[in-house]
Amino acid sequence: MYGQYIAAGGFMEELKSIQWFPGHMTKTKRRIESQLKLIDAVAILLDARVPYSSCNPDLRSIINNKPRLVVLNKCDMADLAETKKWLSLFRQKNIAAIALDCKSGKGLSAFIPAAKNVLSEKIASWNRKGMTGRTIKVMVVGIPNVGKSSFINRMSKQNRAKVEDRPGVTRGNQWFTIGKGFDLLDTPGVLWPKFDDPLVGEKLAYIGSVKDEILDTEQLSGRLLEYLRDNYPDPLCARYKLNVDEIMPLQGYEILEMIGRKRGMLAAGGEINTERAAVTVLDEFRNATLGKLTIDRAEDYPNVRI
Ligand code: G4P
């Protein structure tokens, strides 16, 4: 088992070659393209824990020259210091961006002013043409599970956009009025056909935007543990009562075994049930029980484009 685990190259290849782009995503892409003429700007929802990996590179060509606003959602689960670095990187690149969380609603009030700011030239031109108060129409896009429905629900203060926990659930496009003269267009989550960087696929699996069933949970969890060992050793050790010096020289699978042992997760015959430990680690990362952790660091993506 461990022998298999350290053959991480194989796992990375597996991630790269996964055939997971469902047919309805192609339809979604086409639908987004055909609706561009109806909207003024695009709000790109990203997961604040993985702002780079949760950004669909295909979107750039789809949304073309439309004004855009980046919305870093799920800030309540991300490392605040890293979120600030991301906002500062976006600012440097003249990419409009705000951070918020749809769980508490923190930061939501900045959305309409930020969108209006992105459209300031257009609004001024409408005003010059006597179209004062023209309704602003913004399309909300993002990968599955990034929080599009939650965002629209919060913004429209009603429960019309259905919240689903299954990545890739198809929804119809719908309009929502979120304020006087301000409408949002909901779109289904869309992924892209191939990860050029296998790390991106891996990170999307950590946050649960790529289906678990198509990946080896123990390997995935082991890789996450190696990232946490290197970047967030204190929260990791605090959660699983581990010793920092002890885990530093260990590979992910060995840390997983240690966690399983500490938690008394034993299979028949007294072996450590590493599969159960892996599910626990992934669950606890996904619901932030492990702490507020960011997996994509702004300093690693100085050339980010949206
Ligand atoms: P989607 O439309 O983009 O597919 O995402 P959706 O709104 O369905 O949200 C996916 C999951 O993420 C939901 O959890 C939702 O509650 C959660 N979520 C959305 N925004 C935030 C946020 O800012 N912070 C946190 N902590 N969670 C957020 P779920 O467990 O799948 O559903 P539920 O149990 O909340 O109903």
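The structure under discussion appears in the preceding block.
The structure presented is a predicted model; accordingly, all values stated were derived computationally and were not measured.

Summed over the entire model, instances satisfying the criterion amount to seven aromatic pairs. Judged by centre distance (6.0 Å) and plane angle (25°), the ring pair of Trp86 and Tyr301 falls under stacked. Taken together, the residues Trp86 in helix 5 (residues 80-92) and Tyr301 in the segment after helix 14 (274-286) connect sequence positions 215 residues apart. Assigned by exposure class, Trp86 and Tyr301 land together as buried. Ring geometry for Tyr206 and Phe285: centres 6.4 Å apart, planes at 75°, overall edge-to-face. With Tyr206 in helix 9 (residues 198-206) and Phe285 in helix 14, this pair connects stretches of sequence that are 79 residues apart. The pair formed by Tyr206 and Phe285 is uniform in burial state, with each residue classed as buried. Put simply, the rings of Tyr52, Trp86, Phe90 and Tyr301 pair up and form one aromatic cluster. Over the ring of Trp175 we find Lys137, and its NZ or CZ is 5.6 Å from the ring centre.

Burial within strand 1 (residues 41-47) is extensive, with seven of its seven residues counted as buried. Burial along strand 1 is two-sided: Ala41, Ala43, Leu45 and Asp47 facing one way and Val42, Ile44 and Leu46 facing the other are all buried. As judged from the four bridges shared by strand 1 and strand 4 (residues 136-141), these two strands associate in the parallel manner. If you follow Ala43 over to strand 4, its bridge partner there is Val140. Across six bridges, the pairing between strand 1 and strand 2 (residues 68-73) is parallel. Looking across to strand 2, one finds that Leu46 is bridged to Leu72.

This next bit is on helix 5. Residues that lie three or four places apart on an α-helix share one face, since the helix turns once every 3.6 residues. Compared with the 18 Å implied by 1.5 Å per residue over 13 residues, the 18 Å span of helix 5 between its first and last C-alpha is a close match. Every buried residue of helix 5 is accounted for by Glu82, Thr83, Trp86, Leu89 and Phe90. One side of helix 5 holds all its buried residues, which, seen down the axis, span an arc of 120°. Every exposed residue of helix 5 that faces more than 90 degrees away from the buried side is listed here: Leu80, Lys84, Arg91 and Gln92. For helix 5, the N-terminal capping position is held by Asp79, with its side-chain oxygen 3.1 Å away from the main-chain nitrogen of Ala81. Two residues or fewer past helix 5, Asn94 is found with a positive phi of approximately 60°.

This part is about unusual backbone geometry. If you check the backbone angles, Asn64 has positive phi at about 50° while not being a glycine. Looking at the element boundaries, Asn64 is found in the loop between helix 4 (57-63) and strand 2. The backbone phi angle of Lys241 is positive, close to 55°, even though this residue is not glycine. With respect to the secondary-structure elements, Lys241 resides in the loop between helix 11 (233-240) and helix 12 (244-247). Residue classification places Lys241 among the exposed residues on the basis of a relative accessible area of 66%.

Below, the discussion takes up the packing of helix 10 (residues 217-231) against helix 13 (residues 252-262). Axis separation between helix 10 and helix 13 bottoms out at 7 Å; the angle between their running directions is 95°. As far as their axial angle goes, helix 13 and helix 10 are roughly perpendicular. Packed against helix 10, whose contacting residues are Glu218, Ser221, Gly222, Leu225, Glu226 and Arg229, the element helix 13 presents Gly252, Tyr253, Ile255, Leu256 and Ile259 at the interface.

Relative to the helices and strands, Leu293 is located in the segment after helix 14. Classification of Leu293 by relative accessible area gives buried; the value is 3%. Sequence separation between Leu293 and Glu82 is 211 residues, and the spatial gap between their C-alpha atoms is 8.8 Å.

Turning our attention to the nonpolar core. One finds Phe111, Phe151, Leu184, Leu204 and Leu242 to be the most contacted residues of the largest nonpolar core, which totals 64 residues. Counting residues domain by domain, this core receives three or more from each of domain 1 (4-11 + 194-286) and domain 2 (20-193). Membership of the second largest hydrophobic core comes to 27 residues, among which are Leu36, Val42, Ile44 and Phe90.

What follows deals with the sheet that holds strand 4. Ordered in space as 3-2-1-4-6-5, the six strands form an open sheet in which the pairing is mixed. Here the strands that pair on one side only, and so sit at the sheet edges, are strand 3 (97-99) and strand 5 (174-179). Here the strands of the sheet are splayed against their neighbours by 25° on average, with no regard to which way each runs. When strand 4 meets strand 6 (residues 182-186), the two strands line up parallel, connected through five bridges. The residue of strand 6 that forms the bridge with Lys137 is Asp183.

Rules used throughout
- Residues numbered from 1 in each chain as written.
- Predicted model: local features only at pLDDT ≥ 70, side-chain atom pairs only at ≥ 80, totals over all residues.
- Heavy atoms only, no water.
- Phe/Tyr/Trp six-rings, centres within 6.5 Å; stacked < 30°, edge-to-face > 60°.
- Helix = DSSP H or I, 4+ residues; strand = E, 2+ residues; numbered from the N terminus.
- Buried < 20%, exposed > 50% of the residue type's maximum accessible area, 1.4 Å probe, protein only.
- Lys NZ or Arg CZ within 6 Å of the ring centre and 35° of its normal.
- Pairing = 2+ DSSP bridges.
- Expected span 1.5 Å × (residues − 1).
- Arc of directions from axis to C-beta.
- Polar contact = N/O pair within 3.5 Å; in protein donor to acceptor, adjacent residues only side chain to side chain.
- Axes fitted to C-alpha atoms, helices over the stretch in contact; angles between N-to-C directions.
- Parallel < 35°, antiparallel > 145°, perpendicular 65-115°, else oblique.
- Contact = heavy atoms within 4.5 Å.
- Core = buried A, V, L, I, M, F, W, Y, C linked by side-chain atoms within 4.5 Å.
- Domains from an automatic or database assignment.

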